[in-house]
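Here are the chains, one letter per residue:
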Amino acid sequence: MLSIKKYAAIDIGSNAVRLLIANIIEQKGRPVQFKKNSLVRVPIRLGADVFIKQRISKENINRMLDTMLAFKLLMQSHKVVKYKACATSAMRESKNGRQVVERILNESGINIDIIDGEEEAAIIAATDLHKYIDPNKTYLYVDVGGGSTEFTVFDKGEPVNSKSFKIGTVRLLNDMVIKESWVELEQWIKEHVKNYDKIAVIGSGGNINKIFKISGKALGKPLNYFYLSSYYKTLQTYSYEERITELDLNQDRADVIIPALRIYLSAMKWSAAKYIYVPKIGLADGIIKSIYYDTVSSNTQ
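So, how was this worked out
Residues numbered from 1 in each chain as written. Predicted model: local features only at pLDDT ≥ 70, side-chain atom pairs only at ≥ 80, totals over all residues. Heavy atoms only, no water. Pairing = 2+ DSSP bridges. Helix = DSSP H or I, 4+ residues; strand = E, 2+ residues; numbered from the N terminus. Axes fitted to C-alpha atoms, helices over the stretch in contact; angles between N-to-C directions. Buried < 20%, exposed > 50% of the residue type's maximum accessible area, 1.4 Å probe, protein only. Contact = heavy atoms within 4.5 Å. Core = buried A, V, L, I, M, F, W, Y, C linked by side-chain atoms within 4.5 Å. Salt bridge = Lys/Arg side-chain N within 4 Å of Asp/Glu carboxyl O.

Draft legend 1. Region of interest: the sheet that holds strand 5 (residues 112-114). With respect to topology, five strands assemble into an open sheet ordered 3-2-1-4-5, the strand pairing being mixed. Taken across any chain shown, the strands that pair with only one partner, and hence form the sheet edges, are strand 3 (33-42) and strand 5. Neighbour-to-neighbour, the strand axes of this sheet turn through a mean angle of 25 degrees, independent of strand direction. Here strand 1 (residues 2-12) pairs with strand 4 (residues 82-87) via six bridges, running parallel. What sits directly across from Y7, in strand 4, is K82.

Following this line, the structure appears as structure tokens:
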């Protein structure tokens, strides 16, 4: 017997807000399948407010509300049976974050959980990685966001250590990452990979997905350090405007792509990784899985 349900994940990040709708396909005798159905991304960039002024601006509160109302209608149209909305770095650091969450709940009915960095790292670590990784190898998973980056060491297919650092693209763009944060990150990576012979990096986030698409590589094939380093240097020779007009980057991608590359390259350098795999997964995928397994768990109790 075949059962197909639709779940939705709302990821409220520091750079963009995303709605992922996924099909949950269950068939007796087979493992459950999580299949992406639709993805909508709105570049609100809450971090630009919060990391500078510690508050979400009135304009962005209204944009957030409009976006949540739109997401609610899309979920109704898709006949989504369950959803979960998670807000990360910008919302958790904002002085008016809780008020914004209350207003959105009152006016749209969308309930938002503000999650901490460690929970964010745990949700990301639970994403469907087994399709992309070799269970006999060791990986450093790097999920770059606007306000923070989550790092997880995977060995033999299982997460061993994970940590969230306040180093993100929007934060770097506004020169708000102190040197000590980089030092702490370098020490953490070196400490947690030192017992493994060979490491590869797994990268997730919109910027690395874009770079992978530009590379023309086949899905499942990695990018090497030299390619990433060369592209990083090339990007820096173009102005912000030229990155939009000549490199065909969206305006909300053309500025953050450089700091994102800096984070990926640093992670590769400090872990001595030669390759980075880009499986197109992230927080939203982890949220979908968490909804499913929470549902299964509550049904069996």
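More follows now that the structure is in view.
Draft legend 2. Representation of the environment of I112 within the structure. Looking at the element boundaries, I112 is found in strand 5. In this structure, the C-alpha to C-alpha distance between I112 and K84, residues 28 residues apart in sequence, is 7.4 Å.

Draft legend 3. Region of the structure containing the pairing of strand 9 (residues 199-204). Counting buried residues along strand 9, six of its six residues qualify, which places the element largely inside the surrounding structure. Side chains of strand 9 alternate between two faces, with I199, V201 and G203 and A200, I202 and S204 buried alike. Where strand 6 (residues 138-144) and strand 9 come together, six bridges link them in parallel fashion. Its bridge partner being in strand 9, D143 is matched across the sheet by S204.

Draft legend 4. Seen up close, the environment of I263. Locating I263 in the fold gives a position in helix 11 (residues 257-271). Spatially, the C-alpha atom of I263 lies 8.5 Å from that of T169, the residues being 94 residues apart in sequence.

Draft legend 5. Focus on the sheet that holds strand 6. Across the sheet, which stays open at both edges, the six strands sit in the order 8-7-6-9-11-10 with mixed pairing between neighbours. Edge strands, defined here as strands with exactly one partner in the open sheet, are strand 8 (158-165) and strand 10 (223-224). Each of strand 6, strand 7 (149-155), strand 9, strand 10 and strand 11 (275-277) is contacted by helix 11, which is oriented at about 160 degrees to strand 6, the strand it contacts most.

Draft legend 6. Spatial organisation of the nonpolar core. Judged by nonpolar contacts, the single largest core of 39 residues is most densely connected at L140, V142, F151, I189 and L228. Elements represented by at least two residues in this core include exactly strand 6, strand 7, helix 7 (179-193), strand 9, helix 8 (206-215), helix 9 (225-236) and helix 11. Looking at which element gives the most residues to this core, the answer is helix 11, with ten residues. Counting 30 residues, the second largest nonpolar core, distinct from the first, contains I10, L46, I61 and V100.

Draft legend 7. Molecular detail of the pairing of strand 1. Where strand 1 meets strand 2 (residues 17-27), eleven bridges bridge the pair, whose relative direction is antiparallel. Note that in strand 2 the partner of I10 across the bridge is L19. Hairpin connection, strand 1 to strand 2: the antiparallel pair is bridged by four residues.

Draft legend 8. Spatial organisation of the pattern of salt bridges. Taken as a whole and assessed by the stated rule, the structure comprises twelve salt bridges. With a shortest N-O distance of 2.7 Å, D252 and R41 are connected by a salt bridge. With D252 in the loop between helix 10 (240-245) and helix 11 and R41 in strand 3, this residue pair connects regions lying 211 residues apart in the sequence. A residue is classified by how much of its surface remains accessible, and D252, at 12% relative accessible area, is buried. A relative accessible area of 27% places R41 in the partly exposed class. The partner of E107 in a salt bridge is R103, and the shortest N-O contact between them spans 2.8 Å. You can see E107 and its partner R103 sitting in helix 4 (residues 97-108), four residues apart, about one turn around the helix. By relative accessible area, which is 43% here, E107 ends up partly exposed.

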